[in-house]
Amino acid sequence: MVDKPHVCKQCGKGFAESHALTKHTKKHLGQPREKRHLCTICGQRFGEPFYLNIHMRKHTGERPLICATCGKSFADPRSLKAHHMTHTGERPHKCNLCGKAFSQSVNLIKHIRIHTGEKPYVCSECGKCFTQSSSLDKHARTHTGEKPYSCEHCLKRFAEKGTLVHHIRTHTGEKPYVCDQCGKCFASSYELKLHDRKHSGVKANICSACGKDFATKSNLSVHMRTHSGEKPYQCAVCRRAFADNGSLKKHLKVHQSVPIQTLPDPCVEIGLNERLYFNLS
């Protein structure tokens, strides 16, 4: 049991660290949190130096807190505590609507929004609503084009940290997700989930026209266009249409510094209005 020597005189709640008690006490006093501590790298402000120090580890990559059970490292005490519960199986926070239990109270709060339909985080650009602030942050980057996560191996940049982590494995060859049926390894949990269907025989995405099965809904959607004839992806240069985005991208290469006489119809017709080459790269 974690020792909590710092006790609130107002309500009796105990805390392991004094800074946590100080933060809690302000709730009783009704004091607004003054954020005097500034991150000189990104400009974010914090009410306590402790939280600024924790935040700085996002920039430095420092993870000084080590799990005594498996050796995994963490940047902040809360993440270490939540991780420790994966070893103990402890889930003290229970949903009173469906009974599902969680290791962290913040995950319970997010879960309850599934029942209530609450989406308190609103995009100021387009008005789209989200259940989590992290989802809003990711969405906002579709408007700004910001890609804050950079690969240390090739300097390629990404909008989401998870995408960066997966990309780095293309350099390291790491495949941490192992199939417990056959031992095959994968770089992502998603790839493992798709692979598991081979063992389980689950066919979740079946074409109603021909009965063919697909690993993902998106692959099924693309396949269905072979039956419907739908071609929603159109070339902005020659107006040729395609059933999927990959085919359009492949087609666009014919417009990049290719002599007009080699371009297939209807690209040739468009090319006649140009001088000699398409230079669209």
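Rules and cut-offs
- Residues numbered from 1 in each chain as written.
- Predicted model: local features only at pLDDT ≥ 70, side-chain atom pairs only at ≥ 80, totals over all residues.
- Heavy atoms only, no water.
- UniProt positions renumbered as here; feature names shortened; annotations may be inferred.
- Helix = DSSP H or I, 4+ residues; strand = E, 2+ residues; numbered from the N terminus.
- Buried < 20%, exposed > 50% of the residue type's maximum accessible area, 1.4 Å probe, protein only.
- Contact = heavy atoms within 4.5 Å.
- Areas by Shrake-Rupley, 256 points an atom, 1.4 Å probe, with all protein chains shown as cover.
- Expected span 1.5 Å × (residues − 1).
- Polar contact = N/O pair within 3.5 Å; in protein donor to acceptor, adjacent residues only side chain to side chain.
- Phe/Tyr/Trp six-rings, centres within 6.5 Å; stacked < 30°, edge-to-face > 60°.
- Patch = residues over 30% accessible without salt bridge, like charges linked within 9 Å, V, L, I, M, F, W, Y side chains within 5 Å.
- Salt bridge = Lys/Arg side-chain N within 4 Å of Asp/Glu carboxyl O.
- Lys, Arg positive; Asp, Glu negative; His and termini not counted.
- Charge placed at Lys NZ, Arg CZ, Asp CG, Glu CD.
- Disulfide = S-S within 2.5 Å.

For the protein, the name recorded in an unreviewed UniProt entry is C2H2-type domain-containing protein, with Photinus pyralis as its organism. Of the protein, the UniProt comment under Sequence similarities (unreviewed entry) reads exactly: "Belongs to the krueppel C2H2-type zinc-finger protein family." We quote the UniProt Subcellular location (unreviewed entry) comment for the protein here in full: "Nucleus".

Please set out the overall build of the protein residue by residue, giving values where relevant.
The helix and strand tally for the protein stands at 10 helices and 20 strands. Taking all 281 residues of the protein together, the buried fraction comes to 22%. Looking at the protein alone, contacts between residues at least 24 apart form 6% of all its contacts between residues at least 6 apart. Counting every atom, the protein has about 19,800 Å² of accessible surface; 51% of that belongs to carbon and sulfur.

Report on helix H6 (residues 161-172), specifying residues and quantitative values.
Every α-helical turn comprises 3.6 residues, leaving residues that sit three or four positions apart pointing alike. In this model H6 runs 17 Å from its N-terminal to its C-terminal C-alpha over 12 residues, within 8% of the 16 Å that 1.5 Å per residue would give. Turning to H6, its buried residues number three or more, namely Leu164, His167 and Arg169. Where H6 is buried, its residues touch strand S11 (149-150), strand S12 (157-158) and strand S13 (177-178). Trailing H6 by a residue or two, Gly173 shows a phi angle of about 80°, which is positive.

For the side chain of His83, give the residues involved together with the corresponding values.
Mapped onto the elements, His83 comes out in helix H3 (residues 77-88). Using a relative accessible area of 13% as the deciding quantity, one classes His83 as buried. Of the polar contacts made by the side chain of His83, one reaches the side chain of His87; its length is 3.1 Å. With residues up to four places along the chain from it excluded, the contact list for His83 reads Cys67, Cys70, Lys72 and Phe74.

Quick one: what's the story with the packing of aromatic side chains, residue by residue and with numbers?
Within the structure shown, the criterion is met by 1 aromatic pair. With a centroid separation of 5.2 Å and an interplanar angle of 85°, the aromatic rings of Phe50 and Tyr51 are classed as edge-to-face. The class of Phe50 is partly exposed, set by a relative accessible area of 25%. The class for Tyr51 is partly exposed, based on a relative accessible area of 21%.

Tell me about a positive patch on the surface, and please be specific about residues and values.
Residues Lys58, Arg63, Lys72 and Lys161 make up a contiguous surface patch of positive charge. Here Lys58 is to be found in helix H2 (residues 49-60). Given the relative accessible area of 68%, Lys58 is considered exposed.

I'd love a proper account of the environment of Cys123, names of residues and values included.
Position of Cys123 relative to the elements: it lies in the loop between strand S9 (121-122) and strand S10 (129-130). Here Cys123 falls in the buried class, since its relative accessible area comes to 5%. Here the alpha-carbon distance between Cys123 and Ala140, two residues 17 residues apart in the chain, equals 6.9 Å.

Talk me through unusual backbone geometry; I want residue IDs and the actual numbers.
The phi dihedral of Leu155 is positive, around 70°, even though this residue is not glycine. Its place among the elements puts Leu155 in the loop between S11 and S12. For Arg239, which is not a glycine, the phi torsion comes out positive at approximately 70°. Structurally, Arg239 is set in the loop between strand S17 (233-234) and strand S18 (241-242).

I'd love a proper account of the state of the cysteines, names of residues and values included.
Between two cysteines, a covalent bond joining their sulfur atoms is known as a disulfide. In total, this model carries 0 disulfides according to the counting rule given. Left without a disulfide partner, Cys123 is nearest to the cysteine sulfur of Cys126, which lies 3.7 Å away. Its sulfur unpaired, Cys207 is 3.6 Å from the next cysteine sulfur, which belongs to Cys210. The exposure class assigned to Cys207 is buried, which follows from its relative accessible area of 2%.

Explain the pattern of salt bridges to me, using residue names and the numbers behind them.
The final tally for this structure, using the stated rule, is 4 salt bridges. Arg113 is paired through a salt bridge with Glu118; the nearest N and O atoms lie 3.7 Å apart. In this structure Arg113 comes out as buried when scored by relative accessible area, which is 12%. Residue Arg225 pairs with Glu230 through a salt bridge whose shortest N-O separation is 3.9 Å. The exposure class of Glu230 is partly exposed, given its relative accessible area of 43%.

Tell me about the environment of Glu125, and please be specific about residues and values.
Among the secondary structure elements, Glu125 is positioned in the loop between S9 and S10. For the pair Glu125 and Ala140, spaced 15 residues apart in sequence, the C-alpha separation works out to 8.0 Å.

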